[in-house]
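# Chain and residue survey
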Amino acid sequence: MKRLCAKEALKFVPDQGKIGLGGGETIGYLAENIKEAGKHVTVITPSETTRKKCLELGLTVEETGETSGLKIAFDGCDQVDQRLNAYKSAGGIHTKEKIIARMAEEYVLLADETKIVKELGYDIPIVLDIVPEALGYVRREIQTMGGRVRQRNEHLLETEFEGNPPLGELDRRLKAMTGVIETSLFYQIAAKALIAGKDGVRVIEKTGERK
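Bear in mind the structure is a predicted one, so any value in this text is a computation, not a measurement.

### Some details on helix α6 (residues 167–176)
Because each turn of an α-helix spans 3.6 residues, side chains separated by three or four positions in sequence point in the same direction. Within α6 the residues assigned to the buried category are Leu167, Leu170, Asp171 and Leu174. Axial view of α6: buried residues confined to an arc of 100°, hence all on one face. Turned more than 90 degrees from where α6 packs its buried face, Arg172 and Ala176 sit exposed.

Shown next, in the form of structure tokens:
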């Protein structure tokens, strides 16, 4: 299904210009497809694995800091809902991924049907990228909100919340904490998602769903 999703994603890749590619196996297949299709694009990526893959394929790669805008960006996710909210908690590079997402005129998520849900729940931790000196303060604030905290490393905190706090409000409160750089909750950022399943690939857009 990952190859199927990557094949469908190629249809959205421009013939030239700058594009963003995230991390993961599906993105790797998309990079191969871009090379085979002979598209003259420049790749910006937050993933060192994707960077190496693109260079091996002979694709042009540009540093994120040298870029201000992209035609389109593609990335995987841990979970995405029908409203195109998503979690990107596993990789721990969500701040860099979100920079690229914000640069893009269109941000597209690639996933298989096991990752699509009607509405995001709280079964996946929201990971906070923090300034290390803010650890104690942020932990206290999360606990005040009724959440639980587990430290992944010096700058990543996994947070869990019971109940169903509104995603928009939670996103706002987490990012408003001093010392929090970004969160792994991608709230209302994606323009569309390509969902691969046994019956093919369906496209979910902000305006609705189409085959």
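The rest of the description comes next.
### Observations concerning unusual backbone geometry
Unusually for a residue other than glycine, Leu84 sits at a positive phi of about 70°. Along the polypeptide, Leu84 turns up in the loop between β5 (79–81) and β6 (86–87). The backbone phi angle of Gln188 is positive, close to 55°, even though this residue is not glycine. Relative to the helices and strands, Gln188 is located in the loop between β13 (185–186) and β14 (192–197).

### Some details on the environment of Ile27
For Ile27, the position within the fold is in helix α2 (residues 25–37). Residue classification places Ile27 among the buried residues on the basis of a relative accessible area of 1%. Separated by 140 residues in sequence, Ile27 and Leu167 have C-alpha atoms that sit 27 Å apart. Beyond its immediate chain neighbours, meaning those up to four positions away, Ile27 contacts Leu21, Gly22, Thr50, Phe74, Asp75, Gly76 and Leu110.

Criteria and thresholds
- Residues numbered from 1 in each chain as written.
- Predicted model: local features only at pLDDT ≥ 70, side-chain atom pairs only at ≥ 80, totals over all residues.
- Heavy atoms only, no water.
- Buried < 20%, exposed > 50% of the residue type's maximum accessible area, 1.4 Å probe, protein only.
- Helix = DSSP H or I, 4+ residues; strand = E, 2+ residues; numbered from the N terminus.
- Arc of directions from axis to C-beta.
- Contact = heavy atoms within 4.5 Å.

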